[in-house]
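These are the residues of each chain, in order.
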Amino acid sequence: MKKVSAIIIHEHGAAEKVARNKRVELAPPGPGEVRVLMLLAPIHPADINVLEGKYPVRPALPGVPGVEGVGVIEKTGQRVLLPYRFGSWREAGNAKEADLIAVPDGISDEQAAMLRINPATAFLMLRNFVKLEPGEWVVQNLASSAVGRCVIRIARHFGWRTVNVVRRAEIAEELKAEGADAVIVEGGDIAAATNGAPIRLALNAVGGDSAVRLGSVLAPGGTIVTYGAMARQPLRIPNGLLIFQDTAWRGFWVTRWYERATAAERAAVFAELFELVKNGVVSTPVEAVYPLEEISTALEHAQRSGRGGKVLLRGA
Ligand SMILES: NC(=O)c1ccc[n+]([C@@H]2O[C@H](COP(=O)([O-])OP(=O)(O)OC[C@H]3O[C@@H](n4cnc5c(N)ncnc54)[C@H](OP(=O)(O)O)[C@@H]3O)[C@@H](O)[C@H]2O)c1
């Protein structure tokens, strides 16, 4: 049996302490399976939550983390997106051929490795909750994140304007260069940023008071979608936002979307996402790439504040 490198966790805890690079045996592919060599896989906040044991879906212990990535089918050389439960932080693995999404030419390994989760989340949240008219405003927090930047870029592409809440003022010019219409520091005046124009969609990945500030500027009947909880603070929704403003507080989890979508719906979304990457609308910055052997440093880096982009792991 072939031996390959893989990041294994035997227990949950501080990410950089529980993740270990090991040599593991890789069985030959089973029926309907192919061997896939991992090229690049990102370290996402969800991965950190998996290592800490705080994510609702995680590998059984001992297990291999990694929610997404790009690989290549060993036999054919075809580049593919790795499936959700593959455990992408490994040099190679076996996957059901039917679960693999072929990556078209014209898309870099880096962008392919980060496509299935964040750009899809931004795209689906902008499209599936409120039917926005051209020129309408969307407000979001966590705007400096990879999802936040995708929201900025995809919204601009479709003709919607964004007001972006950040916790670091120094990121404002960078986000404006990506297409942000307005950038304000947490606690600033969101309504002034849009000149009082109605806002019908808010995207929240911080939680706590930040989420309430977004919900408070929504037009009556507007929708706030919570998809992350980086501040790890619960939502305390003032009653008036429900009684008098009739705001809708919704949630989004891309994993559930993938589970519920038909094959045709998934294919249609991937076709649009691949196009958005090809024409440069979606482009997620990368700050560093580490080999699997440097997993502890990579994890420590991925958790630093003020990163300029994603931290990726290199496989093959
Ligand atoms: N529900 C879903 O399906 C889904 C899908 C994808 C992602 N997500 C969630 O979306 C969020 C962003 O993911 P990502 O991959 O885009 O993240 P990312 O690129 O790794 O960026 C993380 C961001 O979090 C910010 N941050 C960290 N702690 C914070 C805090 N306490 N308050 C405010 N900001 C904080 C950092 O801001 P600085 O730049 O200021 O350091 C950084 O910009 C995560 O919560 C992730 O779990 C959810």
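I will try to describe carefully the structure that is included in this document. (Residues numbered from 1 in each chain as written. Predicted model: local features only at pLDDT ≥ 70, side-chain atom pairs only at ≥ 80, totals over all residues. Heavy atoms only, no water.)

1. Describing the overall build of the protein
Using the following cut-off: In DSSP terms, a helix is any run of H or I states spanning at least four residues, a strand is any run of E spanning at least two, and both are numbered starting from the N terminus. The rule is simple: take the accessible area with a 1.4 Å probe, protein chains only, and divide by the maximum for that residue type; under 20% is buried, over 50% is exposed, in between is partly exposed. Here, two residues are considered to be in contact whenever any of their heavy atoms come within 4.5 Å of each other. Accessible surface area values rest on a Shrake-Rupley calculation with a 1.4 Å probe, where residue burial reflects the displayed protein chains alone. His is not counted, nor are the chain ends, whereas Lys and Arg count as positive and Asp and Glu as negative. We put the charge of a Lys on NZ, of an Arg on CZ, of an Asp on CG and of a Glu on CD.
When its secondary structure is counted, the protein shows 12 helices and 15 strands. Based on the C-alpha atoms only, the size of the protein along its principal axes is roughly 65 × 40 × 35 Å. Across the 316 residues that make up the protein, the buried fraction comes to 52%. The contacts of the protein with a sequence gap of at least 6 include a subset with a gap of at least 24, amounting to 68%. Counting only carbon and sulfur atoms, one obtains 51% of the accessible surface of the protein, whose full area is about 14,100 Å². Looking at charge distribution, the protein has the averaged site of its 37 positive side-chain charges lying 3 Å from that of its 33 negative ones.

2. What about the packing of helix α4 (residues 118-128) against helix α11 (residues 263-278)?
Which entries qualify depends on this criterion: Angles run from 0 to 180 degrees between N-to-C directions of axes, and those axes are lines fitted to C-alpha atoms, restricted for helices to the stretch in contact. These descriptions rest on fixed angle ranges, namely under 35 degrees for roughly parallel, over 145 for roughly antiparallel, 65 to 115 for roughly perpendicular, and the rest for oblique. The hand of a helix crossing depends on one turn: near helix anticlockwise from the far one by less than a right angle means left-handed, and clockwise means right-handed.
Orientation of α4 relative to α11, taken along the N-to-C sense of each, is 110°, at an axis distance of 11 Å. Looking at the two axes, α4 sits roughly perpendicular to α11. Along this stretch, α4 crosses α11, giving a crossing that reads as right-handed. Along its contact with α4, which presents P119, A120, F123, L124 and R127, the element α11 presents V269, E272, L273 and L276.

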